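Breakdown of the fold
What follows is the residue order along each chain.
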Amino acid sequence: MIDYMQQVLRVFETCTGWNRDNSYENITATSENLLNFSIPEGLKCQISNSSTAHTFSTFELSNNTVINGSLAYLYCTGKGVGSSVSSSRTVQLQDAVETYRQIRPLYQNREARKGFEPCALWFGRMYYPSSTLEAMVVKRLSPETQLVAKCLSSLAHTSVLTLYWQRDSGKNFQEWVVSSNEALVGYRVLHNFVGSQSKLNTSLYNNSSLSLGAELWFGLLNTSPACSTTLRYCTHSANTGKPLTLTLSWNPLFGHVSSTYSVKTSSNATISTKFDFNLYSIESNLSFGCELWRRGASRAVPTENAFVQDAVRAPSAQKRPTDTKDMFYHLMAGSSNSQKLLDDLNVTFASSLHKINRERSIIQKFEKSLIDSNFTSVCRLSTSLRDKNLKVQWEGRYKGFLISAGTELANTPLDLPANMVDEPKTASFFKPAKFGVQLQFSM
Amino acid sequence: MAYLPSFILSDESKERMTKIFSLSQTVAHYGWLPFVLYLGWAHTANRPNLFSLLSPLPSV
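This text gives an overview of the structure that appears in the document. (Residues numbered from 1 in each chain as written. Chains lettered and ligands numbered in written order. Predicted model: local features only at pLDDT ≥ 70, side-chain atom pairs only at ≥ 80, totals over all residues.)

Turning our eyes to something else, we now look at the overall build of chain A. Regarding its fold elements, chain A presents seven helices and 19 strands. A burial count over chain A gives 29% of its 443 residues as buried. Across chain A, contacts joining residues at least 24 apart in sequence account for 57% of those joining residues at least 6 apart. (Helix = DSSP H or I, 4+ residues; strand = E, 2+ residues; numbered from the N terminus. Buried ≥ 20, exposed ≤ 12 C-beta atoms within 10 Å, placed from the backbone. Contact = placed C-beta atoms within 7 Å.)

Take the pairing of strand S5 (residues 132-140) of chain A next. Residues and elements named next belong to chain A. Sheet topology note: the strand S4 (residues 119-128)/S5 ladder contains nine bridges and is antiparallel. Counted as the bridge partner of Ala120 is Lys139 from S5. Connecting the antiparallel pair S4 and S5 is a turn made up of three residues, with Ser131 showing a positive phi of about 60 degrees. Judged from the eight bridges that link them, S5 and strand S6 (residues 145-153) form a sheet pairing that is antiparallel. Bridge pairing links Ala135 to Cys151 in S6. As consecutive antiparallel partners, S5 and S6 are separated by four residues. (Pairing = 2+ DSSP bridges.)

The next subject is the environment of Tyr100 of chain A. All names here are of chain A. Here Tyr100 shows up in the loop between helix H4 (93-96) and S4. The exposure class assigned to Tyr100 is buried, which follows from the 22 C-beta atoms found within 10 Å. In this structure the C-alpha to C-alpha distance between Tyr100 and Met5, which are 95 residues apart in sequence, comes to 20 Å.

Let's shift gears to the interface of chain B and chain A. Counting from both sides, the interface comprises 17 residues of chain B and, opposite them, 22 residues of chain A. Of all the secondary-structure elements, those providing two or more residues to the side of chain B that touches chain A are helix H1 (11-42) and helix H2 (50-54) of chain B. No other element matches H1 of chain B, which puts eight residues into the side of chain B that touches chain A. Considering only residue class, the side of chain B that touches chain A consists of 10 nonpolar, seven polar and no charged. (Nonpolar A, V, L, I, M, F, W, Y, C, P; charged D, E, K, R; others polar.)

Time to look at H1 of chain B. With 32 residues, H1 of chain B ought to run about 46 Å at 1.5 Å a step, and its terminal C-alpha atoms sit 43 Å apart, in line with that. Along H1 of chain B, the sharpest change in direction is near 45 degrees and occurs at Gly31 of chain B; proline Pro34 of chain B comes one to four residues later. Within H1 of chain B, the full set of buried residues consists of Trp32, Val36, Leu37 and Gly40 of chain B. Buried positions along H1 of chain B lie against strand S2 (55-62), strand S3 (68-76), S4 and S5 of chain A together with H2 of chain B. (Expected span 1.5 Å × (residues − 1). Bend = angle between axes of the 7 residues up to and from the residue.)

Residue and element names in this part refer to chain A. Strand direction decides the pairing type here: strand S10 (residues 209-219) and strand S11 (residues 224-236), joined by 11 bridges, are antiparallel. For Gly213, the partnering residue across the bridge sits in S11 and is Thr230. Counted between consecutive antiparallel strands, the loop separating S10 from S11 contains four residues, among which Thr223 sits at a positive phi close to 40 degrees. Pairing geometry for S11 and strand S12 (residues 243-251), over eight bridges, is antiparallel. Within S12, the position partnered with Tyr233 by the bridge is Leu246. Between S11 and S12, which pair antiparallel and follow one another directly, the connecting turn spans six residues, one of which, Gly241, has a positive phi of 75 degrees.

Below, the discussion takes up unusual backbone geometry. Residue and element names in this part refer to chain A. The linkage connecting Tyr128 with the following residue, Pro129, adopts the cis geometry, with an omega of 5 degrees. Position of Pro129 relative to the elements: it lies in the loop between S4 and S5. For Ser131, which is not a glycine, the phi torsion comes out positive at approximately 60 degrees. Inspection of the secondary structure assignment puts Ser131 in the loop between S4 and S5. We note that Lys388 has phi near 50 degrees; this positive angle belongs to a residue other than glycine.

Structure follows, in structure tokens:
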């Protein structure tokens, strides 16, 4: 479940034309959401309110080992943020939970930045009884740049201040990070290879994106470097229009290679697999995750299958447009040869034009069916062969409350130190290692 | 301040500066939430009353 304040931050980013998917930090967000989803611990209740159009507040109470809580306030400038933040009763479930990230091609995001004006967001959260403060300031400097300052302040422990300077030109994303923790300095870059629409206007090409990113880190105090690189390819299935994402990550220092494959097999099911391999230790791991969405009956929307069938049926049912000849009228010279050439051209191009239209309509209709769907709950499963665990989570809406409940089952006791794991294991059945319920209500 | 040699800053000055730093951190720590609330209050056209701004509970 996405935190209310996180939802406000995402709305702020959308309203100011910032694309959070175009960053190296979120390059593997889809597979992370499907495989490593967070399970709440204990009972957690959250009440949120938007007191004015620009101020938001959240009160949270949880009983994880001891009863603790937090109080958060947020203020942001920027047009339309207040009206775009939905309450827990009206928010679409696919916007309130972490799920498959639909990556838009670069040229589709350019429109959002028109009419930019500088704006900012201030956020503060105080945890009780520890009195730890979490503060954040996001400052949009120009349509392409933003400055983010995050601080974790504690009077009893060390405070950490982290500054991010981000520049997103669409084709390239660059980010400098400076943190007071071990004087850490980082640089992250992401490059999109497909920058503009194809002149041939092939639908699949125009709805695909290929990105390559890298990050470099250096701790000045402990002089330890770190780096990694990732390739991401997002496209749609040619026949069904369903989106799929592939990523390949490589960490040269640790010799770790990780590849993921995520696909929306239908509008209410998503599957993700991940294969990890270490070049130095020859250890590998295979993870599998899936999520199943359940639709409510309140909104009468045609099913996705009907859409796809319609889309497939439509071009064949339609007659070939008669006006396609008009496209080549300037080639007409009156002779029979040129007439023959014209007919050939029409036959050649008309079929490919039909194919393009069909592909585009399938992709658009699939996306529309996702937006129109009135999802009421989602069930998630994730397992990993090497870790031998099973994570189960249910998220949904009940009488205006957003509820998230989940458990993690593991067959090795997690609290044992590493040198005692080799003790003889008698019981091999799964034990619940984590269990929690989270309630969220906002107006 | 500990890494500076004593001829640059005397021990009293170091102690005074440490106190000032810790005091300013305490002020920023406890003053941040009221500051965020003040920004919200000052930039809203019809200045809402303090209770509705402070309360995280949904107002009817």
